Amino acid sequence: MKPTVIAVAGKGGTGKTTICGLIIQHLAESGKGPILAVDADPNSNLNEVLGVEVEMTLGDIREKLKFQDSIADELPPNMTKQEYTEFMFGDALIEGDDFDLLVMGRTQGPGCYCYINGVLKAQIDKYQSGYRYLVVDNEAGLEHISRGILPHVDILLLVSDASRRGVQAAGRAAEMVREQNMNPKMMKLIVNRAPGGKLDEGVMEEIKKQGLDLLGVLPNDEAIYRYDAEGRPSSTVPKDNPVRQALRETLAKIDL
Ligand SMILES: Nc1ncnc2c1ncn2[C@@H]1O[C@H](COP(=O)(O)OP(=O)(O)OP(=O)(O)O)[C@@H](O)[C@H]1O
Ligand SMILES: [Mg+2]
C-alpha cells in the first residue's frame, strides 16, 4: 500500500499544528484510517493538539546512534546493532486507536548524520506501507522533506493567516517548494484565523498576485484558542465547531 502523504507547511504561528490535528481527527472520524501522524517540527507539539504523550522521538534515537561506541555497550545480548536500532524505532512509534504518531524530534547537531539519516529514511519507508494516509506537521523550512528523509509529498497545504503579508510569506514558501523540486501533486493555500471566516478583498487580490491556489478559509475561533490556552487538545473541540466545519468543507474539495 502506498499512502497519500499530506504535508502542512507555512510561517510560524499560523495554525499548522492545529490544522494538522484537525485533519487527522477528520480522517479518523470518516473511517479513512489507518493514519500515521508525523511531527516533523523540531519544536514538536502536534501530540498536544492530538492529546497523546510522547516518550521518545526519532531524534533521541539518532543521538544514541551517533555515538556508535556507546551503543555497543548498550546492546542487549544476541542483538545486532541493526536489530537494536529497529527495536528502538518500534519504541518511538506511538500507537493509538485512531492513528499512530511518530515524532521526528530535534534535528541536526554538529557532526555528520548522513548514515543515521539513511537509517531513519529506510525505517520510515518501511513504516509507511502500513498506512492509508501520512499527515506531516512541518517547520517552515520543510527540512525533513527537502532532505528526503520523509517520503514524497502528494498534497502540500500552505497555511497563512488572513493578512496580506501572511499571504506574501505563503507565496515565498510556494517558491521554495518549487525551487527545491519537491513536486507535490497538489499545492493549495488554506487561510486560517480569518475574522468572521471572511477574506478581505485586498487579501484575495494578494492571493491571486502570488499565484496561490486558495482551497479554503477557516475562521478565527474562540474555542480553538481557549482549548489550547487551557492545555486541552484542540482537536477534540465539538464536532459543530466552526473551524472543524469549515475544514471539513475545505477538505471535501480535494476528496478528503
Ligand atoms: N482558527 C483558529 N482560531 C483561533 N485560534 C487558532 C486557530 N488556529 C490556531 N489557533 C491558535 O493559534 C496558535 C498557534 O497555532 P499553532 O500552534 O497550530 O500554529 P503553528 O503554525 O503550528 O505554530 P508554530 O509555527 O509555532 O509551529 C495556538 O494558540 C492555536 O490554538
Ligand atoms: Mg506547529
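Preceding this section is the structure that the text describes.
None of these values were measured; they are calculated from a predicted model. Residue numbers restart at each chain and count upward from 1, following the sequence in its written direction. Throughout, the order in which chains and ligands are written sets their labels, letters from A for the former and numbers from 1 for the latter. Given that the model is predicted, a residue must reach a pLDDT of at least 70 before its local features are reported, and side-chain atom pairs must reach 80 or more before they are shown or counted; all residues, however, enter totals for whole chains, interfaces and linings. Hydrogens and water are ignored here; the side-chain numbers use all heavy atoms of the structure.

Caption draft 1: Quick peek at the overall build of the protein chain. A tally of regular secondary structure across the protein chain gives 11 helices and eight strands. What you see for the protein chain is a C-alpha radius of gyration of 19 Å, in line with the 18 Å of a compact globule of 256 residues. Buried means the residue's accessible area, taken with a 1.4 Å probe over protein chains only, is under 20% of the maximum for its type, while exposed means over 50%, and partly exposed covers the values in between. Among the 256 residues that make up the protein chain, the fraction classed as buried is 50%. Contacts between residues were defined by any pair of non-hydrogen atoms, one from each residue, lying within 4.5 Å. Taking the intrachain contacts of the protein chain between residues at least 6 apart in sequence as the baseline, contacts between residues at least 24 apart amount to 77%. When charges are counted, Lys and Arg contribute as positive and Asp and Glu as negative, whereas His and the chain ends are disregarded. The atom standing in for a charge is NZ when the residue is Lys, CZ when it is Arg, CG when it is Asp and CD when it is Glu. In the protein chain, 29 side chains carry a positive charge and 38 a negative one; their mean positions are 7 Å apart. Under the DSSP-based scheme used, a helix requires at least four consecutive residues in state H or I and a strand at least two consecutive residues in state E, with every element numbered from the N terminus. For this measure, only C-alpha atoms enter the radius of gyration; the expected value for a globule follows 2.2 Å times N^0.38, where N is the number of residues.

Caption draft 2: Fine view of the pattern of salt bridges. We count a salt bridge whenever a side-chain nitrogen from Lys or Arg sits within 4 Å of a carboxyl oxygen from Asp or Glu. All told, the structure shown has 10 salt bridges when counted by the stated rule. Two residues, Glu143 and Arg147, come together in a salt bridge whose shortest N-O distance is 3.1 Å. Glu143 gets classed as partly exposed once you look at its relative accessible area, which sits at 21%. Classification of Arg147 as partly exposed rests on a relative accessible area of 46%.

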